[in-house]
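Structural features, examined
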Amino acid sequence: MRDKILELEKKASPLEPNVEQRKLVRDKVVAYTERFINEIEDEKAFNITADKGAGIYDFPFGEEQLDIDTVLEVFRENVEKPGLNPASGGHLAYIPGGGIYYSSLGDYIAAITNRYAGVFYPSPGAVRMTNMLIKWMANLIGYPEGTAGNLTSGGSIANLTAIVTARDAKGLKGVDYQKCVVYTTKQAHHCIDKALNIAGLAEAIRRFIPMDEGHKMIPQELDKQIIKDKESGLIPWLIVAAAGTTDVGAVDPLEDIGKISKDHGLWYHMDGAYGAFFVMTKKGKALLKGMELSDSIVMDPHKSLFLPYGLGVLLVKEEKHLQYSHRYSANYLQDVIEAEGELSPANISPELTKHFRALRLWLPLKLCGTAPFIACLEEKLLLAKYFYDQIGKIPGFERGKEPELSVVTFRYVPKDGDANSFNKKLLQEILNDGRIFLSSTDLEGVFTLRLAVLAFRSHLRTIDEALEIIVQKTDELVRVNTQ
Ligand SMILES: *Cc1c(COP(=O)(O)O)cnc(C)c1O
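Computed from a predicted model, the values in this text were never measured in an experiment.

**Overview of the pairing of strand β7 (residues 267-272)**
Of all 6 residues making up β7, 6 are buried, and the element is well covered by its neighbours. Residues of β7 alternate between two faces, with W267, H269 and D271 on one and Y268, M270 and G272 on the opposite face, all of them buried. Note that strand β6 (residues 235-242) and β7 share 5 bridges and pair parallel. Bridging from a neighbouring strand, L238 pairs with W267 of β7. Taking the sense of rotation as the criterion, the β-α-β connection linking β6, helix α9 (residues 254-264) and β7 turns out right-handed. Pairing analysis gives 4 bridges linking β7 to strand β8 (residues 296-299), with the strands arranged parallel. By the bridge assignment, D271 is partnered in β8 with V298. In this fold, β7 hands off to helix α10 (residues 282-287), which returns the chain to β8; that crossover is right-handed.

**Examining the side chain of Q323**
Relative to the helices and strands, Q323 is located in helix α12 (residues 319-326). Take Q323: its relative accessible area is 19%, and that puts it in the buried class. Contact partners of Q323, with chain neighbours within four places excluded, come to L343, N347 and I348.

**A few points about the site of the ligand**
Every one of the 15 residues lining the ligand counts as a neighbour, but G155, S156, D271, D300 and K303 are closest to it. Residue T246 places a side-chain N or O atom 2.9 Å away from an oxygen atom belonging to the ligand. Between K303 and the ligand, the recorded distance is 2.8 Å, taken from a side-chain N or O atom to an oxygen atom. Protein contact buries 85% of the 380 Å² of open area that the ligand shows by itself.

**Notes on the pattern of salt bridges**
Across all of its chains, the model carries 26 salt bridges by this definition. The salt bridge partner of E255 is K289, with a shortest N-O separation of 3.2 Å. Linking E255 in helix α9 with K289 in the loop between α10 and β8, this pair joins segments that are 34 residues apart in sequence. Residue E255 is classed as partly exposed on the basis of its relative accessible area, which comes to 28%. The salt bridge partner of E351 is K354, with a shortest N-O separation of 3.9 Å. Given the relative accessible area of 29%, E351 is considered partly exposed. K354 gets classed as buried once you look at its relative accessible area, which sits at 15%.

**Some details on the domain arrangement of the chain**
Entries for the chain in the domain assignment read domain 1 (107-368) and domain 2 (371-482). A straight line from the C-alpha centre of domain 1 to that of domain 2 covers 31 Å. If you look at the interface, domain 1 gives 28 residues, while domain 2 gives 20 residues. Of the roughly 2200 Å² buried where domain 1 meets domain 2, counting both sides, 69% is carbon and sulfur surface. One can count 2 salt bridges joining domain 1 with domain 2. In this structure, E404 and K216 form a salt bridge, with 2.9 Å as the shortest nitrogen-oxygen distance. There are 7 residue pairs in polar contact (both at pLDDT 80 or more) connecting domain 1 and domain 2. Elements with a contribution of two residues or more to the side of domain 1 that touches domain 2: α10, α11 (301-304) and α14 (358-368). Along the lines of polarity and charge, the residues of the side of domain 1 that touches domain 2 split into 13 nonpolar, 9 polar and 6 charged.

**Examining the nonpolar core**
Formed by 61 residues in total, the largest nonpolar core has its most connected members in M137, L222, L254, M291 and L315. Looking at this core, the element that brings in the most residues is helix α5 (residues 124-141), giving 8 residues. Apart from the residues lying within four places of it in its own chain, the contact partners of L222 are Y183, I209, M217, I239, I257 and I260. Counting 31 residues, the second-largest nonpolar core is a separate cluster that includes F410, F422, L426 and L449.

**Describing the sheet that holds strand β10 (residues 397-399)**
As summarised here, the arrangement of the 4 strands in space is β10-β11-β13-β12, forming an open sheet in which the pairing is antiparallel. Where the open sheet ends on each side, the last strands, each with one partner, are β10 and β12 (439-443). The average angle at which neighbouring strand axes cross in this sheet is 40°, direction not considered. The pairing of β10 with strand β11 (residues 407-412) spans 3 bridges and is antiparallel. Bridged to E398 within β11 is R411.

**Describing the layout of surface pockets**
Counted as a void, the largest pocket has a volume near 1800 Å³. V29, T33, I68, L72 and F75 are the residues nearest the centre of the largest pocket, which is lined by 48 residues in total. Broken down by secondary-structure element, the contributors of at least two residues to the lining of the largest pocket are α2 (19-38), α3 (68-80) and α4 (101-113). Here the lining of the largest pocket takes 12 residues from α2, the largest share from any one element. Class assignment for the residues of the lining of the largest pocket results in 30 nonpolar, 9 polar and 9 charged. For the second largest pocket, the lining is made up of 23 residues, of which H215, V248, G400, K401 and T409 are closest to its centre.

The rules we used
Residues numbered from 1 in each chain as written. Predicted model: local features only at pLDDT ≥ 70, side-chain atom pairs only at ≥ 80, totals over all residues. Heavy atoms only, no water. Buried < 20%, exposed > 50% of the residue type's maximum accessible area, 1.4 Å probe, protein only. Helix = DSSP H or I, 4+ residues; strand = E, 2+ residues; numbered from the N terminus. Pairing = 2+ DSSP bridges. Right-handed = clockwise from strand over helix to strand, strands pointing away. Contact = heavy atoms within 4.5 Å. Near = heavy atom within 4 Å. Polar contact = N/O pair within 3.5 Å; in protein donor to acceptor, adjacent residues only side chain to side chain. Areas by Shrake-Rupley, 256 points an atom, 1.4 Å probe, with all protein chains shown as cover. Salt bridge = Lys/Arg side-chain N within 4 Å of Asp/Glu carboxyl O. Domains from an automatic or database assignment. Buried area = accessible area lost by both parts, 1.4 Å probe. Nonpolar A, V, L, I, M, F, W, Y, C, P; charged D, E, K, R; others polar. Core = buried A, V, L, I, M, F, W, Y, C linked by side-chain atoms within 4.5 Å. Axes fitted to C-alpha atoms, helices over the stretch in contact; angles between N-to-C directions. 1 Å grid on protein atoms, 1.4 Å probe; cavity = no way out; pocket = protein on both sides within 12 Å on 5 of 7 lines; lining within 4 Å. Points joined across faces, edges and corners; volume = space filled by probe spheres on them.

This is the structure:
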């Protein structure tokens, strides 16, 4: 038996590469990523390829071992090239992502040391780091001591955790589900609706409160609706306000909504997945006043702190509510639960074993300090305003409201023909070109183009190029139309 065990150890040894083997692969991987970053300004933001990465199927899993050069080539052709390059400054669509370098090194250390970040007993340091970040963010929002929170994989899971917490905090039981009411606007992110369904609340009544011309919830309408619902024997339960909508970047009147929520005793949740970190800027702080009145808030460092995908945050003002919905125990965890120390993430989230996410935020914050993050956010606000001003000077273009955050809506209105189909074509031409990536939305039946500035690599030269491309493609289309 000893011989058999030793033989298996040998066979499994590729899982434990030695110093030279590690160096060989690591150097190639680093060279690959360096090439990626160094060439990023010349690469397309959006790339339509023939087979859309299907070549990856030519390399099935089995006994065969590939060398690192082949593996990186397979990756480059089939994963890096096709589709969107979210790391590009030319990503100006939806809500752009990030990918700051020091986060990748945080992930690298996290993966190699593999700390058990969900529980204090095995990894007190990792839990302290996590809780320290939660406190830092709570402080940014204006939440008090005693705030608890989770580092999640993203905003959708953070919103889901918030909705489950709100459900239990307000004591909703199965019999209430058909009578409880959620108040939001048509601008709310679809993950809220998804979260309600996952949380068993598919039957909950949704009220889409009317919005003003800036796509913000009208507080008086909210108040009226809550009163009406109370009178009809329903259970007004949850308000979801937007601290920056995905669609147009609108910020609901957070303070007024907070007062109404308090008067009527509802749970006040805020979705700041896109916009909440703008609170670090002077303009954002004024705009987001009233954020601190919410009971829970979601913010996404993988959006507005420029981190690579994989980090959302939920903050809940009163820890007990998070605990109530998520604490657990099991016989095999008896040593863990009896250990003294700080609150364990596993006790206030649906996850037990998890990626040590704190490090990808902690490392860049330590190496850079907060000032560059604030400057980058301020730059994005100004770039959006700059684009708004410039596109307004070009004949034929129509703009939405001046951006409060970093999303600009606009479209070209041709002299003849249907504007919707013109702008649809214009977007397609811009995507075929690929140097910048834009998206569109439907605003009250109007096909509208969006430019969202949030990628950390988007700078003045990016916006100048975007303007050039938009004008060039528009001129070409106008010429075709009038021929
Ligand atoms: C992106 C976004 C979400 C969803 O977050 P993910 O991190 O993509 O899961 C929710 N709400 C708003 C306002 C968003 O912009």
